[in-house]
Amino acid sequence: YRARIKVVSASTSAQLGTAQMPDGQVKNDEYFGRQEVYHHELRAIVPVARATGGPLRLPLEVTYQGCADKGLCYPPITKSFTVNLAGGSGASPGASAAGTGVGASGGGVSEQDRFANLLRNASLFAMLGSFYLAGLLLSFTPCVLPMVPILSGIIFGGGKVVSTGRAFSLSVSYVLGMALTYTLAGLAAAAAGKQVQALFQQWWVLALFAALFVALALSMFGLFTVQMPAAIQTRLANVSNKQSGGAIGGVAVMGALSALIVTTCVGPALVGALIVIGETGQMVRGGAALFAMSIGMGTPLLAVGASAGRFLPKAGPWMELVKKLFGVMMLAVAAWMLARITPERLTLVLWAVPALTLGWLLWSQKATRSKGIGFGLRTAGVVAGLYGVALATGAALGNGDPLAPLPLAAHDHAHELVFRPITSLVDLDREVARARTQGKSVLVDFSADWCTSCKEMERYTFTDSGVQAALARTVLLRANVTQNNADDQALLKHFGIFGPPTIAFYGADGHERAQYRVVGYMEAEAFAARARTALNPSS
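Residues numbered from 1 in each chain as written. Predicted model: local features only at pLDDT ≥ 70, side-chain atom pairs only at ≥ 80, totals over all residues. Heavy atoms only, no water.

A few words on the overall build of the protein. Within the protein, the regular secondary structure consists of 19 helices and 14 strands. Classification of the 539 residues of the protein by burial places 44% in the buried group. Sequence-distant contacts in the protein: of pairs separated by 6 or more residues, those separated by 24 or more amount to 73%. Put simply, the protein shows about 27500 Å² of open surface, and 62% of that area lies on carbon and sulfur atoms. (Helix = DSSP H or I, 4+ residues; strand = E, 2+ residues; numbered from the N terminus. Buried < 20%, exposed > 50% of the residue type's maximum accessible area, 1.4 Å probe, protein only. Contact = heavy atoms within 4.5 Å. Areas by Shrake-Rupley, 256 points an atom, 1.4 Å probe, with all protein chains shown as cover.)

Here it is as structure tokens:
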């Protein structure tokens, strides 16, 4: 009930203004008459006036009363806590609960909070449309792109021409399997407050599925054929002849597994949905948002299926080459998965395998009717082979960058950002307190070995001169949550984080500026601007 919300303070050196609350829902209560009420969550701004040199920590008491829709009324509840105020004097624009990670200085709303507010307050159509667009944008990140060769190999890897209708139906099955699993996993994660996907990033799970993709690749190369007993094949053939698609169920299962193992990145839209589900219990609305986002992520995959009959030529010997090329793609997916858990030097060796295989495959092609096509294939084979040799050589020399296996000049480590590792809340509190005594701000980077977007931030964002200039007076901390152990979970729970990549900023006063948190990959220019604003609110 709006009329029964009170915010008071026992402090004599600060004065609270009237709480600024949004409009609620008008309801005729059987006992209290016409009332304005709020459902699920209320966010209000309480102005604070204090004299120069006033307290930075202010005790507060918040009183509220609620009722169940069925008529059961609860007694008034009073919660006592302390808020941290911004430095300076005069009127402070607001305050925030200590320990919740919400800073009191600066304005603005983080991207994940914007999505959370959209899910809570926007119309159903606007909410679903926004989350669909967010998923569509996410589909062009490295987190989702590996699903393209997986689906393509499933559809076209059999060495036969596939009709547009069947290819599209297989794509729909794959995307629906992915979307349903992603939605259910998100609901479970929000309800449990844990990282469901992190459970699927254990080394043995990744190794198992990498081995599966290697087996699929070897099958496409013709080294062996996986067949069921003849009696079972006959039964399945009779059933499939009565249906429009024989492998729909299997493709849906592969889509479900891809959602848990391949699609591992965290973005603002996902975090916003999980926050609302976890805090308010709006499972249906939150689940619809997650499903819309998953369909957006899968839209390019539907385009792969819809284009099957339009862009592929007629059947012929070339189909055998296509089948083997998809085998190379499967090897690349296996290398990509194992790269999350292997040392950098070994990662180069893993990437060299599909590169050298591609080079041999293209070079060994028999002459075609078109000399131009044959020359082009051999040329591409030479390029792929040289790249594979460069990867193997770079691994022998101790390099670990697959995009630059043989750097032309020595790598300048002096211009890299140096992060101090933290492994627990004790480490975090100690480093933040030390930075505060030195008058420095703090950046906390949550990362994991299996997080692709984290590696993007490391390579493209943190190496930018503008970003490094913005962080010149900042202590850089990194929490590697790959193992997802008890200390990792305690850190994530303290910040209310569902997974990496997430970056938190602390001001020189030792308080986090939660409204400026970065979730997911952010380009260097935008990140530098965000860092300057978060760490220097007055600029």
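This part takes up the confidence of the model for the protein. Looking at the protein, pLDDT values average 74 and 68% of them are 70 or higher. Low pLDDT, under 50, characterises residues 409–414; the predicted model gives this stretch one contact beyond four residues in sequence or across chains. (pLDDT = per-residue confidence, 0-100.)

Among the seven residues that make up strand β11 (residues 441–447), seven are buried, leaving the element largely enclosed by the rest of the structure. Both faces of β11 are covered, namely the face carrying S441, L443, D445 and S447 and the face carrying V442, V444 and F446. Where β11 and strand β12 (residues 474–480) come together, seven bridges link them in parallel fashion. Pairing of S441 across the sheet is with T474, part of β12. Here five bridges tie β11 to strand β13 (residues 502–506), and the two strands are oriented antiparallel to one another. Directly across from F446, in β13, lies its bridge partner T502. (Pairing = 2+ DSSP bridges.)

With that settled, the discussion passes to the nonpolar core. In this structure, F131, I150, Y174, F213, M293, M297 and M337 are the most contacted members of the largest nonpolar core, which totals 34 residues. Going through the elements one at a time, α1 (111–121), α2 (124–138), α4 (164–192), α6 (203–220), α8 (248–261), α10 (283–306) and α12 (318–338) are the ones with two or more residues in this core. (Core = buried A, V, L, I, M, F, W, Y, C linked by side-chain atoms within 4.5 Å.)

Tallied over the entire structure, the rule returns 10 salt bridges. One salt bridge connects R2 with E36, and the closest N-O pair in it is separated by 3.2 Å. In this pair, R2 is assigned in the segment before β1 (6–8) and E36 in strand β4 (residues 33–37), connecting sequence segments 34 residues apart. According to the relative accessible area criterion, R2 is partly exposed, its value standing at 24%. What you see here is one network of salt bridges that share partners, running through R420, D427, R430, E431 and R434. (Salt bridge = Lys/Arg side-chain N within 4 Å of Asp/Glu carboxyl O.)

What follows deals with the packing of aromatic side chains. Two numbers describe a pair of aromatic rings. These are the distance of the centres and the angle of the planes. Scanning all chains against the criterion turns up five aromatic pairs. With centroids separated by 5.2 Å and ring planes inclined at 70°, the aromatic side chains of F446 and F495 adopt a geometry described as edge-to-face. In this pair, F446 is assigned in strand β11 and F495 in helix α18 (residues 486–495), connecting sequence segments 49 residues apart. For the pair shown, F446 and F495 are each scored as buried. The interplanar angle of 75° and the centroid separation of 5.8 Å between the aromatic rings of F462 and F527 together place this pair among those described as edge-to-face. Of the two residues, F462 is situated in the loop between α16 (452–461) and α17 (465–470) and F527 in helix α19 (residues 524–535); the sequence distance between them amounts to 65 residues. Judged on exposure class, the residue F462 and its partner F527 are both buried. Cluster of aromatic residues (ring-pair linked, three or more members): F419, F462, F505 and F527. Over the ring of W363 we find R378; its NZ or CZ atom is 4.5 Å from the centre of that ring. Against the face of F419 rests R478, its NZ or CZ located 3.9 Å from the ring centre. (Phe/Tyr/Trp six-rings, centres within 6.5 Å; stacked < 30°, edge-to-face > 60°. Lys NZ or Arg CZ within 6 Å of the ring centre and 35° of its normal.)

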